[in-house]
Amino acid sequence: MSQNGPYPGQAWPSGSPEQPYSEPSDPWGGHAQDIPQQQAFAPPPEWQKPEWKKPPARRGFAMGATVAALSVLIGGGVATAAWFTLGGKKEPVSGSTAAATVPAGPGARPQPSADARFAAKGQCVRNEGTNTEPKLRIVVCTANTYEILKRVDGRTTGERDAVRKCATVPKYTKWYYYDTEYDDVDFVLCLREYEPV
């Protein structure tokens, strides 16, 4: 029994299984001369694989980084030298500042810092600035100084606030206020011209 044939009991469709096999017929039979022949593909010369070349060294980047680093170092050195030269100078000691370390007679002894921010009741100050931009310094109570009658610490809003805070202080003739963005360090000083006893 044949494995490749029809199922048992079926006959071969057109004849017997012993018929010889023949080549299938060519649908283009006899027309082969009309079909154009293809040529082999050859890529153009510019499509050739390029030869690999090592990229040039990036000297520009290294040089730029070196210049930037040197600029920062030189700039920092110049700034430091300028700071020491300009900021390191001490103010010459004047007679009024030197006298500040001498114990005061009837008034209170000044603090080691002569800045008015550290002034207290009973000390004296001198205006070393102008009336529009005062610069008060703590000094020994002598002629042409102002005695501090009262110090009011805390937030201040300026001139009107200073006048209001000193209005209840007897014998005051001048006031001074210190106002910054940090209200914790603001203060008002109620002053009068110093009168030796």
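In what follows, the structure referred to is the one given above.
I will try to describe carefully the structure that is included in this document. Here the residue numbering is sequential within each chain, running from 1 through the sequence in written order. Residue-level local features of this predicted model are given only where pLDDT is at least 70; pairs of side-chain atoms are given and counted only at 80 or more, and the full residue set underlies all totals for whole chains, interfaces and linings. Only hydrogens and water are set aside when side-chain values are computed; all heavy atoms of the structure are taken into account.

**Here's the deal with the pattern of salt bridges**
By convention in these notes, a salt bridge is any Lys or Arg side-chain nitrogen within 4 Å of a carboxyl oxygen on Asp or Glu. Tallied over the full model, the rule gives 7 salt bridges. A salt bridge links R137 to E128, with the shortest nitrogen-to-oxygen separation between them at 3.8 Å. Judged by relative accessible area, E128 falls into the partly exposed class, the value being 39%. Between R155 and D183 there is a salt bridge, with its nearest N and O atoms 3.5 Å apart. Under the scheme applied here, a residue whose accessible area is under 20% of the maximum for its type counts as buried, over 50% as exposed, and between as partly exposed, the area being computed with a 1.4 Å probe on protein chains only.

**Quick look at the packing of aromatic side chains**
Between 30 and 60 degrees the pair is tilted, below 30 it is stacked and above 60 it is edge-to-face, where a pair is any two Phe, Tyr or Trp rings, Trp via its six-membered ring, whose centres lie within 6.5 Å. The final tally for this structure, using the stated rule, is 3 aromatic pairs. Where W175 meets Y177, the ring centres are 5.9 Å apart and the plane angle is 25 degrees; that geometry is what we call stacked. In this structure Y177 comes out as partly exposed when scored by relative accessible area, which is 31%. Relative to F187, the ring of Y176 lies with its centre 6.2 Å away and its plane at 50 degrees, an arrangement referred to as tilted. Here Y176, found in strand β4 (residues 174–178), pairs with F187, found in strand β5 (residues 187–193); they are 11 residues apart in sequence, far enough to count as distant. Under the relative-accessibility criterion, F187 is labelled buried at 1%. Members of the aromatic cluster, joined through ring pairs, are Y176, Y178 and F187. In this scheme, the term charge over a ring applies when either NZ of a lysine or CZ of an arginine sits within 6 Å of the ring centre and within 35 degrees of the ring normal. We note R151 situated over the ring of F187; from NZ or CZ to the ring centre the distance is 4.2 Å. Numbered from the N terminus, helices here are DSSP runs of H or I no shorter than four residues, and strands are runs of E no shorter than two.

**A short note on the side chain of E147**
Note that E147 resides in strand β3 (residues 146–153). When sequence neighbours within four positions are dropped, the list of residues in contact with E147 reads G122, Q123, C124, C190, L191, R192 and Y194. By definition, residues are in contact when any of their heavy atoms lie within 4.5 Å.

**Quick notes on the layout of surface pockets**
Each cavity reported here is a set of points on a 1 Å grid over the protein atoms alone in which a 1.4 Å probe fits but cannot get out, each pocket an open set with protein on both sides within 12 Å along at least five of seven lines, and each lining residue one with an atom within 4 Å of a point. Grid points are joined across faces, edges and corners, and a volume is the space filled by probe spheres set on the points. In this structure, the largest pocket spans a volume of roughly 410 Å³. N127, N131, P134, W175 and Y176 are the residues nearest the centre of the largest pocket, which is lined by 15 residues in total. Here the lining of the largest pocket gets 5 residues from one element, more than from any other, and that element is β4. Taken together, the residues that form the lining of the largest pocket break down as 8 nonpolar, 4 polar and 3 charged. Under this grouping Gly is polar, as are all residues other than the nonpolar Ala, Val, Leu, Ile, Met, Phe, Trp, Tyr, Cys and Pro and the charged Asp, Glu, Lys and Arg.

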